[in-house]
Amino acid sequence: MAQILIVDDDAQLRKSFVKMLEQEGHDIRTANSGESGIAAVRESLPDLLVMDVRMPGMSGLEAFAHIRKIDQRLPVIIMTAYSTTETAIEATKMGAFDYILKPFEPAEVLNLIEQALEAGRLAREHVEMGPEPEAAPAGALVGNSRAMNEIYKAIGKAAPTDALVLIRGESGTGKELVARAVYQHSLRADKPFTVINCVAIPDTLLESELFGYERGAFTGANSRRVGKIEQADGGTVLLDEIGDMPLNIQAKILRLLQEKKIERLGGRDPIPLDVRIIAATNRDLEEAVAKGSFREDLYYRLKVVTITLPPLRERMDDVVPLAEYFLNRLSVEMDLPNPGLAPDAREFLRSYPWPGNVRELSNTMQKALIFNRGVALDSEQLARTVDAEPDTAPGQGNGDQDGQEQGFRLRVRKALAENAGKNAFEMLMNKAGKLIISEALAITDGNRTRAAKLLGMSRPTLAARIEKYDIKTSTKVE
Ligand SMILES: Nc1ncnc2c1ncn2[C@@H]1O[C@H](COP(=O)(O)OP(=O)(O)OP(=O)(O)O)[C@@H](O)[C@H]1O
Ligand SMILES: [Mg+2]
């Protein structure tokens, strides 16, 4: 049972919501204006708020802004009769769970209400432990960006269904953490959770590790062995890095998914099994299918329920809260004082592209804590710390064009972060200019006439640029 607050000036609508939601076993309060809605939130701290935008007096969005200050994590569904993008954008920007257009049948939104309640439960989990750093549990999902809210919604939807879930995303985006959240909110939460990392086990051992073997199945198999998947019977198995799984194992996994049976190596009869599979990968599965390294039938089977974690650079609103969370948690774990973040550190955090995603952020905070000298972390210290990270930019150095462009983009972001407010544009243009001209000279063996032609500029312009960028050229007789 959840407590739901309905705020609308339309008495008829309030009534039908009350009737419907009470039937569902919820506890319903109502308010007929923004002002009384705020008072009701203060007083009864509901689990969900459903609120109209246009009301006499204070608008729903204004009331929403006040309510956000009272309870940051209260999921809010906004109702509006006027489908203006403005309201929609404004409402989502303010962190509404969703907005719905009037007129609608209250029953139509029932599903949405259940989703919002589940997302609210997930989002609250780590704050309800209390504001103290000690209480920030390892394993909580942090982040209140729109993108993360979509992830909470998706977890809420997928968790209780027992369906196969595929989790995708770049390395370090939190796939394993999401897999654990799916498990924790599933019907099998009280059964075991097993992580099988497909790349950590050598290919030659993977089959017997996963599926087990009968005595005498191969030389050295002196006794029967129950594989990891069979051991997890009744529970949940995360097949991590499934994109790297060899084809013969893929075939056996497909069989497990289709027939709910496995076969031990050297075994005669298939063994019925009841496990929930969650799969995760950072691989481009479509490409792997095209190349023939991933079975197409398995791919189609896996992708039905997919949760895709966006890279951290696409949810920059989460960076500072995550950084603070890691500082709290790691300082407790390592028993070091938490120096906190200086204002310019926040700026740095928000402008650095985090190619290694949340893992890079966590590592950076850990290093910064270790090397900190008791003053608030500032942008300079953070810039130095991320510089020391190995370059984890995705796609760098692999020669493909997208990868190179991505790498270039990341370098630009980094330069912007480090030179904020200075002449970053000039500096980057000069860098690019220097690079372009050096390359043209390299191609033409230092021949300025040909290089100028190649670049589509006059020879004197080229000469001026060479001087400006201070490019060393071996003077050649042309
Ligand atoms: N939203 C989040 N809130 C708190 N911690 C997070 C979040 N996302 C990721 N982390 C932390 O970042 C680290 C990396 O996450 P995780 O191991 O789940 O990433 P991954 O996507 O599985 O990476 P890989 O593909 O490299 O295996 C972990 O320490 C995890 O706890
Ligand atoms: Mg992982």
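Residues numbered from 1 in each chain as written. Chains lettered and ligands numbered in written order. Predicted model: local features only at pLDDT ≥ 70, side-chain atom pairs only at ≥ 80, totals over all residues. Heavy atoms only, no water.

- In the annotation of an unreviewed UniProt entry, the entry for the protein chain reads DNA-binding transcriptional regulator NtrC, and the organism field reads Pseudodesulfovibrio senegalensis.

## Some remarks on the overall build of the protein chain
Moving on, step 1. Each helix and strand in the protein chain was counted, giving 20 helices and 14 strands.
Moving on, step 2. A total accessible area of about 24,600 Å² is found for the protein chain, and carbon and sulfur atoms account for 50% of it. (Helix = DSSP H or I, 4+ residues; strand = E, 2+ residues; numbered from the N terminus. Areas by Shrake-Rupley, 256 points an atom, 1.4 Å probe, with all protein chains shown as cover.)

## Description of the sheet that holds strand E1 (residues 3-7)
Moving on, step 1. One open sheet holds the 5 strands; their spatial order is E2-E1-E3-E4-E5, and the pairing between them is parallel. The open sheet is flanked by strand E2 (27-31) and strand E5 (98-101), the only strands paired with a single partner. The sheet shows a mean angle of 20 degrees between the axes of neighbouring strands, taken without regard to direction.
Moving on, step 2. Where strand E4 (residues 76-80) lies against E5, 4 bridges are found, and the strand directions are parallel. Pairing of methionine 79 across the sheet is with isoleucine 100, part of E5.
Moving on, step 3. Contacts from helix H1 (residues 11-23) reach E1, E2, strand E3 (48-52) and E4 within the one sheet, and its direction differs from that of E2 by about 170 degrees. (Pairing = 2+ DSSP bridges. Axes fitted to C-alpha atoms, helices over the stretch in contact; angles between N-to-C directions. Contact = heavy atoms within 4.5 Å.)

## Things to note about the pattern of salt bridges
Oppositely charged side chains can pair when the atoms bearing their charge come close.
Moving on, step 1. This structure, assessed with the given rule, holds 25 salt bridges.
Moving on, step 2. Ionic pairing is found between glutamate 209 and arginine 225, a salt bridge with its closest N-O pair at 3.4 Å. Taken as a pair, glutamate 209 in helix H8 (residues 203-211) and arginine 225 in strand E9 (residues 225-226) lie far apart in primary sequence, 16 residues in all.
Moving on, step 3. You can call glutamate 209 buried: its relative accessible area is 18%.
Moving on, step 4. By relative accessible area, which is 33% here, arginine 225 ends up partly exposed.
Moving on, step 5. In this structure, the salt-bridge partner of arginine 264 is glutamate 214, at a minimum N-O distance of 2.8 Å. Taken together, the residues span a long stretch of sequence, with arginine 264 in the loop between strand E11 (261-262) and strand E12 (271-272) and glutamate 214 in the loop between strand E8 (212-213) and E9 at a distance of 50 residues. (Salt bridge = Lys/Arg side-chain N within 4 Å of Asp/Glu carboxyl O. Buried < 20%, exposed > 50% of the residue type's maximum accessible area, 1.4 Å probe, protein only.)

## Comments concerning the layout of surface pockets
Empty space among the atoms can be located by rolling a probe the size of a water molecule over them.
Moving on, step 1. In this structure, the second largest pocket spans a volume of roughly 610 Å³.
Moving on, step 2. Counting residues per element, the ones that place at least two in the lining of the second largest pocket are helix H7 (175-184), helix H13 (319-334) and helix H15 (357-371).
Moving on, step 3. For the lining of the second largest pocket, the element with the highest residue contribution is H7, accounting for 5 residues.
Moving on, step 4. Grouping the amino acids of the lining of the second largest pocket by side-chain chemistry returns 11 nonpolar, 8 polar and 8 charged.
Moving on, step 5. Of the domains in this structure, domain 2 (150-309) and domain 3 (316-418) are the two that each give at least three residues to the lining of the second largest pocket. (1 Å grid on protein atoms, 1.4 Å probe; cavity = no way out; pocket = protein on both sides within 12 Å on 5 of 7 lines; lining within 4 Å. Points joined across faces, edges and corners; volume = space filled by probe spheres on them. Nonpolar A, V, L, I, M, F, W, Y, C, P; charged D, E, K, R; others polar. Domains from an automatic or database assignment.)

## What to know about the packing of H15 against helix H16 (residues 379-387)
Moving on, step 1. Contact geometry of H15 with H16 gives a least axis separation of 9 Å together with a crossing angle of 120 degrees. In this view, H15 runs oblique relative to H16, as classed from their interaxial angle. For the pair H15 and H16, the crossing hand works out as right-handed. Each of Thr364, Met365, Lys367, Ala368 and Phe371 in H15 lies in contact with H16, whose residues at this interface are Gln381, Leu382, Thr385 and Val386.
Moving on, step 2. Across the contact of H15 with H16, the residue classes break down as 5 nonpolar, 3 polar and 1 charged. (Parallel < 35°, antiparallel > 145°, perpendicular 65-115°, else oblique. Left-handed = near helix turned anticlockwise from the far one by under 90°.)

## Side note on unusual backbone geometry
Moving on, step 1. Positive phi, normally seen in glycine, also occurs at glutamate 241, with a value near 60 degrees.
Moving on, step 2. Among the structural elements, glutamate 241 can be located in the loop between strand E10 (236-240) and helix H10 (247-259).
Moving on, step 3. Unusually for a residue other than glycine, lysine 260 sits at a positive phi of about 55 degrees.
Moving on, step 4. Looking at where lysine 260 falls in the secondary structure, it is placed in the loop between H10 and E11.

## So, a nonpolar patch on the surface
Moving on, step 1. Taken together, the side chains of Leu336, Ile370 and Phe371 present a nonpolar region at the surface, about 300 Å² in accessible area.
Moving on, step 2. Here leucine 336 shows up in the loop between H13 and helix H14 (343-351).
Moving on, step 3. What makes leucine 336 partly exposed here is its relative accessible area of 31%. (Patch = residues over 30% accessible without salt bridge, like charges linked within 9 Å, V, L, I, M, F, W, Y side chains within 5 Å.)

## Here we look at the UniProt feature "modified residue: 4-aspartylphosphate" (unreviewed entry) in the protein chain
Moving on, step 1. Summarizing the sequence annotation, UniProt attributes the feature "modified residue: 4-aspartylphosphate" (unreviewed entry) to Asp52 in the numbering used throughout.
Moving on, step 2. With respect to the element layout, aspartate 52 can be found in strand E3.
Moving on, step 3. A residue is classified by how much of its surface remains accessible, and aspartate 52, at 4% relative accessible area, is buried.
Moving on, step 4. The contacts of aspartate 52, once residues within four sequence positions are left out, are Val7, Asp8, Asp9, Gly60, Met79, Thr80 and Lys102. (UniProt positions renumbered as here; feature names shortened; annotations may be inferred.)

## Considering the packing of H14 against H16
Moving on, step 1. Look at H14 against H16: their axes get within 8 Å of each other, and the N-to-C directions meet at 35 degrees. Judged by residue contacts, Asp344, Ala345, Phe348 and Leu349 of H14 engage Ser379, Leu382, Ala383 and Val386 from H16.
Moving on, step 2. For the contact of H14 with H16, the residue count by class is 6 nonpolar, 1 polar and 1 charged.

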